[in-house]
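Structure assessment
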There are 2 protein chains.
Amino acid sequence: MTDTATTRPRTLAHPGLQEIRLEAVLHALSDPVRLSIVRDLAAAPDELACSYFVLPVTKSTTTHHFRVLREAGVIRQTYVGTAKMNALRRQELQTLFPHLLDSVLAAAAAEEERRAGP
Amino acid sequence: MTDTATTRPRTLAHPGLQEIRLEAVLHALSDPVRLSIVRDLAAAPDELACSYFVLPVTKSTTTHHFRVLREAGVIRQTYVGTAKMNALRRQELQTLFPHLLDSVLAAAAAEEERRAGP
């Protein structure tokens, strides 16, 4: 008897490219915690485990934020063993909405610099 | 005796340039009704009265949406007589977050075209 729980990798639901909605992407990016996750992913050379992120919220809230990002089509989450790995869907978002993610990332950097003061 | 109610124009509170927050701007743009208002304002050569907009929501919800846009710093609302006029704070947003509004407007146009199908 085959144990499908161990032989079949767990997968998570992601919207297809044509299912990604601008409003959902903007909503996903409109939360400071989620935006900080996206900025970290954009700066990382590779995908990052959820455990990489040290966020000022509870574990269940963190899980919620990652789910919002995934369901909006902003990130792709895959299981590698027991670790949930996260990657930005950068190229796909660029295809759908050219320059949108880059301008949000640049705006976040500009705002951070502005808040830090001269 | 002077009637200040008629001699002093009513004014509405707006965030100053340095008070505008990226998260609030993205949140304001993440609602389809508010995004449609912003697109109409972007396409208009001049400011538009609230009464110009025919939206699929109640009057009080419409008022709410305009307030969210104003409080986020996306639009400027001024009274002209009894009409509330609306203008995008386009130049100010461009100063704070270069290309952000333009990329959102382009993304909204791309999505509309995509939904309309080939």
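Predicted model only: the values in this text are computed from it and were never measured. (Residues numbered from 1 in each chain as written. Chains lettered and ligands numbered in written order. Predicted model: local features only at pLDDT ≥ 70, side-chain atom pairs only at ≥ 80, totals over all residues. Heavy atoms only, no water.)

1. Description of the overall build of chain A
- In terms of helices and strands, chain A carries six helices and three strands.
- Listed by position from the N terminus, the elements making up chain A come as α-α-α-β-α-β-β-α-α.
- In terms of principal-axis extent, the alpha carbons of chain A reach across some 65 × 30 × 25 Å.
- The proportion of buried residues among the 118 residues of chain A is 40%.
- Once local pairs closer than 6 in sequence are excluded, the contacts in chain A between residues at least 24 apart make up 65%. (Helix = DSSP H or I, 4+ residues; strand = E, 2+ residues; numbered from the N terminus. Buried < 20%, exposed > 50% of the residue type's maximum accessible area, 1.4 Å probe, protein only. Contact = heavy atoms within 4.5 Å.)

2. Concerning the relation of the copies chain B and chain A
- By a simple turn and slide, chain B fits onto chain A: the slide is 0.0 Å along the axis, the RMSD is 0.0 Å, and the turn is 180°. When the rotation and shift are considered jointly, the pair of chain copies conforms to a two-fold rotation axis.
- Interface overlap between copies is the fraction of interface residues in one copy that are interface residues in the other; for chain B against chain A it reaches 100%, indicating a shared surface. (Least-squares fit on C-alpha atoms with pLDDT ≥ 70 in both.)

3. Describing the packing of helix α2 (residues 22-29) of chain A against helix α4 (residues 59-72) of chain A
Residues and elements named next belong to chain A.
- At a minimum axis distance of 9 Å, the contact between α2 and α4 shows a crossing angle of 155°. The angle between α2 and α4 falls in the class roughly antiparallel. Crossing geometry of α2 relative to α4 is assigned as left-handed. Counted together, Ala24, Val25, His27 and Ala28 of α2 and Val68, Leu69 and Ala72 of α4 form the full contact between these two elements.
- Classifying every residue of the contact of α2 with α4 by side-chain character gives six nonpolar, one polar and no charged. (Axes fitted to C-alpha atoms, helices over the stretch in contact; angles between N-to-C directions. Parallel < 35°, antiparallel > 145°, perpendicular 65-115°, else oblique. Left-handed = near helix turned anticlockwise from the far one by under 90°. Nonpolar A, V, L, I, M, F, W, Y, C, P; charged D, E, K, R; others polar.)

4. Observations regarding the sheet that holds strand β1 (residues 48-49) of chain A
Residues and elements named next belong to chain A.
- What the three strands build is an open sheet, ordered β1-β3-β2; its pairing is antiparallel. Whereas interior strands pair on both sides, the edge strands pair on one side only; in this sheet they are β1 and β2 (75-80).
- Bridge count between β2 and strand β3 (residues 83-88): six bridges; the pairing is antiparallel. Each bridged residue has a counterpart across the sheet, and for Gln77 the counterpart in β3 is Asn86.
- The strands touched by helix α3 (residues 32-43) within the sheet are β1, β2 and β3, with β3 carrying the most contacts at an inclination of about 80°. (Pairing = 2+ DSSP bridges.)

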